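# A look at the structure
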Amino acid sequence: MKQKNTLMVLRAYQYYAVEAILESVSNKSNGYVWHTTGSGKTLTSFKACQILTSREDIDKVMFIVDRNDLDYQTTKEFNSFSAGAVDGTDNTNALIKQLKGKNKLIITTIQKLHRVVKGRAKQLENYRNLRMILMFDECHRSQFGDMHKDITNFFTNINYYGFTGTPIFAENANKSRTTQDLFGKRLHSYLIKDAIHDENVLGFAVDYVGTYKSRVKTDIEVEAIDTGEVMESEERLEKIVDYIIKYHNNKTYHKEFTSMFCVSSVPVLNKYYNIFKKKNPDLKIAAIYSYGDNVDLEEGNRHPRDNLESHIEDYNEMFGTNYSTDDFGSYYVDVSKRSKNKQIDILLVVNMFLTGFDNPLLNTLYVDKNLQYHGLIQAFSRTNRIDNVKKTQGNIVCFRNLKKRVDEAVRLFSDTDAEGYVITLPYSEYVEKFNSCASRLLTLVPDVQDVDGLEDEKDVEKFVLNFKNILRVLNRMTTFAEFSYDDLKLTEQDLNDYKSKYLDLYAKVSRRESPEKSSILDDIDFEIELTRQDNINVSYIINLLKDLDPKDSSFKKDIRLIHDLMQASHELKSKAELIDKFIHENIVESNGQIDVDEELPQYFEKEKNKEINEMVASENLSGEETRKIIEEYEYSGKLRDDDIKQSFNEDIGFLERRHKVSLLKSKIIDLVDKFALI
């Protein structure tokens, strides 16, 4: 029963992988499992370990990871499996104690286990013949040197299993040794095309920027891959930085997501870093790489450690930290956390973070490095973790001619010609999809005002679903560098007008209280995230207000633009009427002679107080208690039912009280959202 309950948490493909390992253990044979990056390999392998510990014929089960792959988040996950399992130190005493102790499950790093069997073997002489199962996580790494051989030769009664998303085959083998050579036969496969089909990971949109297969006109040199002087020239690197600065917002949805830039070497990374710093874009840039103490330097060149020290000083200034190369491990952990918190826009790397780094908010990888085979898939897969509906693919921007290598890697790690699954469609095909959806929309509602005349719920449903499809396709298209509204059957203004109607319907459905009969619209997911324009925020609107001039001939057109932008934004729609009133009551009345930064907050506060007073009067509430509730919600984001009940000035029945609490919650949330200026 225990085993069955443990398996219940696994998905079907994970369950079959565990079953295959259990059968192989019973047969006393070795093997490996090929599960694509991002499909939960660690959970699958750990569950297999858990189940095996319940078997009486097994003395120890060791879950072995590569410490070099462990970032802060991964370490937390392992330690949540078993408290203190990964301490990240070189201390081997605890591991020896575990091997000699009663606990059957041990989690350790391959580096630490290797030090034990090589340096302290005598202490384990009486334990070499224990019946042991070794489970190697991410077995495409650290397994092809002496460590794997020394460990598996030391213990005399073992079976061992590997988990990998990118096996080593003959085509990508190092010195002709493959994953099968080390681990035996493949026990189970779950390939990248399967994971994409099941929506466990995303596919990739790959741009090749430069003179080779360029989608956007540019003269960045990519053909001379083996000509170091050309590829590392300041002129070429500057053009690449200019390109990244120009299109970064497109790729990351105005920094809703973050990115990495992997480059060919430490010297090239340092060049890129200095160029970004010189151009001083509105981007937070960080850098991390390993450095060697014994480096042959040409005269006048700085040591890589000195350059990294300088980058870390910039990082400290940016984030108020105090790191140096002396505590590089702490810096590594902090970089990992800040990348996952969207505090770093572009992280410059050479090899670090290209494997084992899981960050759902990372959606773009810039590449100026000759990746291939498993290294290419691993690097690309940093971008394809599922996050929200807006993240539809991992964006890969190649500044080298990697098309052939991408095709080879996709075929190799999909066991078939799966490019259509793994690599997303070209821009032109999304244009066709968009225009097809637009034609259907215009057949239903040729004019935006026709949306208001839709009386049949089925017609309303058709509009919502059709426009949602338009938003989905548009969401993908806007990440392409060549995106232009000129290619579309709907103008940008048309889209904003229809989007406003779409949001009106969403508001109507979401705020409907206790409908007399069920509505088909109640079951529609509007996927409101697709309507968000995070670059169009309150600050953006305030800056537009500052530029309004009633004496200018374009004044009415400018007002209309501001109104349309707010109507088309889910976050700003509630403020549209308020801003319209501010424009006419303040900017027009003063002929533009006001300080918007000073007057707008005062206006919002005055209008908010009026609205609170109206709510207090209409709902028969205590003004003092209501203001306390609103202040608490503004501060903490919490609304407590008991506090709301305390604001009532009258005794009402149970059902009416529940309804009133729910109604007031909705009103308070709407009020605070409406008057928030940050």
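Preceding this section is the structure that the text describes.
Position numbers for residues count from 1 along each chain, tracking the sequence in the order it is written. Note on the predicted model: pLDDT of at least 70 is required for a residue's local features to be given, and 80 or more for side-chain atom pairs to be given and counted; whole-chain, interface and lining totals, by contrast, use all residues. Computation of side-chain values covers all heavy atoms of the structure but excludes hydrogens and water.

Right, let's get into the overall build of the protein. For the protein, the count of helices and strands is 27 helices and twelve strands. The method behind every accessible area is Shrake-Rupley, applied with a 1.4 Å probe, and residues are considered shielded solely by the protein chains displayed. Of the accessible surface of the protein, which amounts to about 32,500 Å², a share of 44% is contributed by carbon and sulfur atoms. Runs of E in the DSSP output that reach at least two residues are strands. Runs of H or I that reach at least four are helices, and both are numbered from the N terminus.

Our focus in this paragraph is the pairing of strand β12 (residues 394-398). With respect to burial, β12 is a largely interior element, five of its five residues being buried. Bridge count between strand β7 (residues 204-208) and β12: five bridges; the pairing is parallel. Across the sheet, residue Tyr-208 finds its bridge partner in β12, namely Cys-398. DSSP calls a pair of strands paired once it identifies at least 2 bridges connecting them. Across four bridges, the pairing between strand β11 (residues 362-368) and β12 is parallel. For Tyr-366, the partnering residue across the bridge sits in β12 and is Val-397. Tracing the backbone out of β11, into helix α15 (residues 373-380) and back to the parallel element β12 gives a crossover that is right-handed. Relative accessibility decides the category of a residue: with a 1.4 Å probe and only protein chains considered, values under 20% of the type maximum give buried, values over 50% give exposed, and everything between is partly exposed. Convention used here: a crossover is right-handed provided that the path from the first strand, over the helix, to the second strand proceeds clockwise when the strands point away from the viewer.

The length a helix should cover is 1.5 Å for every residue beyond the first. With 24 residues, helix α24 (residues 596-619) extends 34 Å from end C-alpha to end C-alpha; this agrees with the ideal 34 Å at 1.5 Å per step. Inspection of α24 places Val-596, Leu-600, Tyr-603, Phe-604, Glu-607, Lys-608, Ile-612, Met-615, Val-616 and Glu-619 among the buried residues, and these make up the whole buried set. Residues of α24 that are buried make contact with α21 (538-547), α23 (576-588), α25 (623-636) and α27 (654-675). Of the residues that open α24, the one with a side-chain oxygen 3.1 Å from the backbone nitrogen of Asp-597 is Asp-595. Residue Asn-620 follows α24 closely and has a positive phi angle near 55°. A contact between two residues is defined here by any heavy atoms of the two lying within 4.5 Å. A 3.5 Å cut-off defines polar contacts: any pair of N or O atoms within that distance qualifies, except that in protein one atom must be a possible hydrogen donor and the other a possible acceptor, and neighbouring residues in sequence count only when both atoms are side-chain atoms.

With respect to topology, six strands assemble into an open sheet ordered β7-β12-β11-β8-β10-β9, the strand pairing being parallel. If you trace the sheet from one side to the other, it starts and ends with β7 and β9 (285-287), each paired once. Sheet twist, expressed as the mean angle between neighbouring strand axes with direction ignored, is 20°. Bridging between strand β8 (residues 258-263) and strand β10 (residues 346-349) involves four bridges; their strand directions are parallel. Residue pairing across strands places Ser-259 opposite Ile-346, the latter belonging to β10. In this description, a line fitted to the C-alpha atoms serves as the axis of each element, helices being fitted only across the stretch in contact, and the angle between N-to-C directions of two axes falls anywhere from 0 to 180 degrees. α15 rests against β7, β11 and β12 of the sheet, and its axis sits at about 140° to β11.

Quick look at the nonpolar core now. Grouping buried Ala, Val, Leu, Ile, Met, Phe, Trp, Tyr and Cys residues that are joined through side-chain atoms within 4.5 Å yields what is termed a nonpolar core. Membership of the largest hydrophobic core comes to 101 residues, with the highest contact counts inside it found for Phe-261 and Phe-380. Looking at this core element by element, the count peaks at seven residues for helix α12 (residues 266-279). Ile-559, Met-615, Ile-630 and Leu-639 belong to the second largest nonpolar core, which has 37 residues in total.

The next thing to look at is the sheet that holds strand β3 (residues 105-109). Spatial strand order, β3-β2-β4-β5-β1-β6: six strands in an open sheet with parallel pairing. The strands lining the two open edges of the sheet, one partner per strand, are β3 and β6 (186-190). Shown here is a sheet whose adjacent strand axes are inclined to one another by a mean of 15°, direction ignored.

In this section: the packing of α15 against helix α16 (residues 403-412). The N-to-C vectors of α15 and α16 enclose an angle of 90°; their axes lie 9 Å apart at closest approach. Comparing the axis directions of α15 and α16 gives the class roughly perpendicular. Contact residues: α15 offers Tyr-373, Leu-376, Ile-377 and Phe-380, while α16 offers Arg-405, Val-406, Glu-408, Ala-409, Val-410 and Leu-412. Each residue is assigned to one of three groups, with Ala, Val, Leu, Ile, Met, Phe, Trp, Tyr, Cys and Pro labelled nonpolar, Asp, Glu, Lys and Arg labelled charged, and all others, Gly among them, labelled polar. Residues of the contact of α15 with α16, tallied by class, amount to eight nonpolar, no polar and two charged. Our angle categories are set so that under 35 degrees counts as roughly parallel, over 145 as roughly antiparallel, 65 to 115 as roughly perpendicular, and the remainder as oblique.

Time to look at unusual backbone geometry. Of note in the backbone geometry, Lys-28 takes a positive phi value of approximately 55° without being a glycine. Tracing the chain through its elements places Lys-28 in the loop between α2 (12-26) and β1 (31-35). Even without being a glycine, Lys-255 presents a positive backbone phi close to 70°. In this fold, Lys-255 is placed in the loop between α11 (234-252) and β8.

A large share of helix α6 (residues 110-119) lies buried, amounting to seven of its ten residues. Listed in full, the buried residues belonging to α6 are Ile-110, Gln-111, Lys-112, Leu-113, His-114, Val-116 and Val-117. The secondary structure elements touched by the buried residues of α6 are β2 (60-65), α5 (93-100), β3, β4 (132-136) and α7 (146-154).

Our focus in this paragraph is the packing of α12 against helix α13 (residues 304-319). Contact geometry for α12 and α13: axes closest at 11 Å, N-to-C directions at 35°. Of the two elements, α12 crosses α13, and the hand of that crossing is left-handed. Contacts between α12 and α13 involve Val-266, Leu-269, Asn-270, Tyr-273 and Lys-277 on the former and, on the latter, Pro-304, Asn-307, His-311 and Asp-314. Within the contact of α12 with α13, the residues separate by chemical class into four nonpolar, three polar and two charged. Take the far helix as your reference; a near helix turned counterclockwise from it by less than a right angle gives a left-handed crossing, and one turned clockwise gives a right-handed crossing.

Our focus in this paragraph is the packing of aromatic side chains. Between the rings of Phe, Tyr and Trp (Trp by its six-membered ring), a pair exists once the centres lie within 6.5 Å; its type follows the angle of the planes, with under 30 degrees stacked, over 60 edge-to-face, and the other angles tilted. This model, assessed by the stated rule, comprises 32 aromatic pairs. The interplanar angle of 0° and the centroid separation of 3.6 Å between the aromatic rings of Tyr-13 and Tyr-190 together place this pair among those described as stacked. With Tyr-13 in helix α2 and Tyr-190 in strand β6, this pair connects stretches of sequence that are 177 residues apart. Classification of Tyr-13 by relative accessible area gives buried; the value is 8%. Take Tyr-190: its relative accessible area is 4%, and that puts it in the buried class. Each ring, one from Phe-604 and one from Phe-675, has its centre 6.1 Å from the other, and the planes form 85°; the classification is edge-to-face. Highlighted residues: Phe-604 in helix α24 and Phe-675 in helix α27, separated in sequence by 71 residues.

Its place among the elements puts Lys-608 in helix α24. Using a relative accessible area of 12% as the deciding quantity, one classes Lys-608 as buried. When near neighbours in sequence (up to four residues on either side) are disregarded, Lys-608 contacts Glu-634, Leu-671 and Phe-675.

We now examine the side chain of Asp-314. Its location among the elements puts Asp-314 in helix α13. A polar side-chain atom of Asp-314 sits 3.1 Å from a polar atom in the side chain of Lys-277. Setting aside anything within four residues of it in sequence, one finds Asp-314 in contact with Tyr-273 and Lys-277.

The next point concerns the pattern of salt bridges. The rule for a salt bridge is simple: a side-chain nitrogen of Lys or Arg has to be within 4 Å of a carboxyl oxygen of Asp or Glu. A full pass over the atoms with the stated rule returns 33 salt bridges. Linking Glu-607 and Lys-610 is a salt bridge whose minimum nitrogen-to-oxygen distance equals 3.3 Å. One end of the pair, Glu-607, and the other, Lys-610, are both in helix α24, three residues apart, so they sit about a helical turn from each other. Salt bridges sharing common partners tie together Glu-238, Asp-242, Lys-278 and Lys-279.

With six of six residues buried, β8 is to be regarded as a mostly interior element. Residue alternation in β8 divides its side chains into two sets, Thr-258, Met-260 and Cys-262 and Ser-259, Phe-261 and Val-263, and both sets are buried. Across six bridges, the pairing between β8 and β11 is parallel. Counted as the bridge partner of Phe-261 is Tyr-366 from β11.

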